[in-house]
Every structure is written in structure tokens, then in C-alpha cells.
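# Commentary on secondary and tertiary structure
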Amino acid sequence: MKLLAFLALCVPLALVRGDHIGCYKDSYDRDLPVQGPISVNSMTIFWCVDYCMNLGYKYAGLQFGEECWCGNSYGKHGPSSDCNKKCKGDNSFLSYLYCGGPWANDVHSTGATGTVSSGCPTIITRAQWGARAPIGGPWPMANPVSYVAIHHGASATCTTMDSCKSMMRQYQNLHMDTNGWPDIGYSFVVGEDGNVYEARGWSQIGAHAPAYNSNSIGICVIGNFMTRLPNTAALDAVKRLISCGVSLGKIKSDYILRGHRDGSATSCPGDSFYAHIRTWPRYV
């Protein structure tokens, strides 16, 4: 009996929906990377838990009662007791170390398994890939949008996160320093490492396809796809990103898919890639 009691103390109970289990970092480099809708009827943590659970993520975190964040991992910043001690109402350096600010960003379990099939792919934030600050802005765009515009970078490819981060910085430098734009032009960029890289994001007017900039999500795949297709990892990431945008209310469920060349005199997104996206269901 004593052994059983000892084991009961040592083996943690299974997490259930809504359990408060820790805290996450508040910055662009978040432990919980996937952002949900903002200012939806003054969201509660219960709404956020349900939202992340429905997307298949294990954890949910709510900031300011209006920013819901989802993810399958956290933990850089200790157990919930550390959140309470180090963060709530504490303006000291330790609060920034643990939570990134003088408020608690608490993590709750959703009860989901963390197996995300039709939800959001991994999105590498601007801070994570080393983006420069935009010049001016913001340039708000109303959601949900009606179009998704597909591009290729007409560049070298990348198959590792480090090489894709480097390509993101090259794209941004080209757009800002050579084209004279205030920021990288796309909404998101996808690498052949299978990751999605945040550019202007869901709700900023882009500079990627003049016919669609103010009413579309512009997705560029790193590489040149005149004579070949992006690899399976990249194609899957594009499809999951679009599905994610629909789930988040950023893209209309009856959106129209377009290639860059449908609105401009350009070879983008490459002959092979363009022929391929024309077979996708929402290309009309």
C-alpha cells in the first residue's frame, strides 16, 4: 500500500481541459505560436481553450482578453507557480524573463492530443527569422479576404530552417532596399523545409499582386518553379496555411485561388507550379 501511495504521488494526473499548467513568453518569439481571432466579444480563457481545442492544439493562452494563442509546446518559463510568483503584477526584470511583460500569460490545457491535421502549420514569426522593422504602417486589411494569391520567389530554394530564414532576410532586403517598399511584400512565405514564415501576416495589405493586394493572402514559396514543383513538404504547408486561414476567419470559406500571373504580366508562380495550382479545388 505504501508503494502504491508513493507511485500516486510521483505519477502526474492526466491533464484535463482547462487546467492551468504554466505560462508562456509574451513577445514575437512566443512559445505558443498560432494566433487566433482578436477581439471576439472580449474573449475569455474558456473561449480560447475551446478555440485551440477545436484546431487540435494541446495548449491555449489568452492575453489582454483579446489575443488567443495556441500551440503544442511551451515550457521555457516554468510551472504555473512561477507564473504566479514571477509575473502577476510584477514589473521587475524577472517578469520579463519569465513572461515578457508585467502580466501573466497563463497556459491552459485544451484536452486535445496535439495532433493537428487540418489546422495551422508551424509559423515562424518575424522575430524568429530576424525581420527588419517595417517603415511606417500599419496597413490594415479587413478579414476575411476573398482571394489567395500564390507566388514563387524565382530564387534559390531552401530545405533547412536556417537557410530559409536567410532567404527571408534576402527577400525582405530586396523588397525594401531595391524595390523601395516599406516591408517584405508577401503575407506569408513557405520553405521547402515545410515551415511557414510570417511576412506581413493575416491582416496587413500586401505588396505582391496589384490586382489582389487589398483583399488577399499572398503566399510565396521559396524557390524557382518554372520546371519543377515545390516539394511535398512545401505544398502541404501551403494547403494547411490556407485551411488555417479559413479556420481562423481570415480567409473566406469560398475564397478564390489565383496565381500571380492571373493579375499581372509575370511568369510567377512558375510554369510548373501554376499548372499545378490550377488543379486545386478553389482555383476558378
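Predicted model, so just to flag it, every value in this text is computed and none were measured.

A few words now on the overall build of the protein. Along the protein, the regular secondary structure elements total eight helices and eleven strands. Counting every position in the protein, which comprises 284 residues, the buried fraction comes to 46%. Summarising the internal contacts of the protein: among those between residues at least 6 apart in sequence, 71% fall at separations of at least 24. As presented, the protein carries roughly 13100 Å² of accessible surface, and 56% of it is formed by carbon and sulfur atoms.

For the protein, the mean per-residue pLDDT works out to 79, and 73% of the residues sit at or above 70. Ignoring residues within four places in sequence, the model shows residues 1-13, a span with pLDDT below 50, making zero contacts including any to other chains.

On to the side chain of His151, then. Turning to its location among the elements, His151 is positioned in strand 7 (residues 145-152). A residue is classified by how much of its surface remains accessible, and His151, at 1% relative accessible area, is buried. Only 3.3 Å separates the side chain of His151 from the side chain of His260, close enough to count as a polar contact. Those residues in contact with His151, other than ones at most four positions away along the chain, are Tyr186, His208, Ala209, Gly218, Ile219, Cys220, Val221, His260, Cys268, Pro269 and Phe273.

Turning our eyes to something else, we now look at the sheet that holds strand 10 (residues 216-221). Sheet architecture is open: six strands sit in the order 6-9-8-10-7-11, paired in mixed fashion. Every other strand in the sheet has two partners, leaving strand 6 (123-124) and strand 11 (251-259) as the edge strands with one partner each. Pairing geometry for strand 6 and strand 9 (residues 196-198), over two bridges, is parallel. Within strand 9, the position partnered with Ile124 by the bridge is Tyr197. Against the sheet, helix 6 (residues 161-178) contacts strand 6, strand 8 (188-190), strand 9 and strand 10, and its axis sits at roughly 40 degrees relative to strand 9.

Before going further, it helps to examine the nonpolar core. The biggest cluster of nonpolar side chains holds 41 residues, and the ones touching the most others in it are Ile219 and Leu257. Tallying contributions element by element places helix 7 (residues 232-247) first for this core, with seven residues. Ignoring sequence-local partners within four residues, the contact set of Ile219 consists of Val148, Ala149, Ile150, His151, Phe188, Val190, Val238, Leu241 and Ile242. Judged by nonpolar contacts, the second largest core, of 14 residues, contains Ile124, Cys164, Tyr171 and Ile184.

With 18 residues, helix 6 extends 25 Å between its outermost C-alpha atoms, agreeing within 8% with the 26 Å of an ideal straight helix rising 1.5 Å per residue. Considered for burial, the residues of helix 6 that qualify are Cys164, Lys165, Met167, Met168, Tyr171, Gln172, His175 and Met176. Down the axis of helix 6, the buried set is contained in an arc of 160 degrees. They therefore lie on one face. When the buried face of helix 6 is taken as reference, the exposed residues oriented beyond 90 degrees from it are Asp162, Asp177 and Thr178. Those residues of helix 6 that are buried are in contact with strand 6, helix 5 (126-129), strand 8, strand 9 and strand 10. Remark: Gly180 follows helix 6 within two positions and exhibits a positive phi of approximately 75 degrees.

About the criteria used
- Residues numbered from 1 in each chain as written.
- Predicted model: local features only at pLDDT ≥ 70, side-chain atom pairs only at ≥ 80, totals over all residues.
- Heavy atoms only, no water.
- Helix = DSSP H or I, 4+ residues; strand = E, 2+ residues; numbered from the N terminus.
- Buried < 20%, exposed > 50% of the residue type's maximum accessible area, 1.4 Å probe, protein only.
- Contact = heavy atoms within 4.5 Å.
- Areas by Shrake-Rupley, 256 points an atom, 1.4 Å probe, with all protein chains shown as cover.
- pLDDT = per-residue confidence, 0-100.
- Polar contact = N/O pair within 3.5 Å; in protein donor to acceptor, adjacent residues only side chain to side chain.
- Pairing = 2+ DSSP bridges.
- Axes fitted to C-alpha atoms, helices over the stretch in contact; angles between N-to-C directions.
- Core = buried A, V, L, I, M, F, W, Y, C linked by side-chain atoms within 4.5 Å.
- Expected span 1.5 Å × (residues − 1).
- Arc of directions from axis to C-beta.

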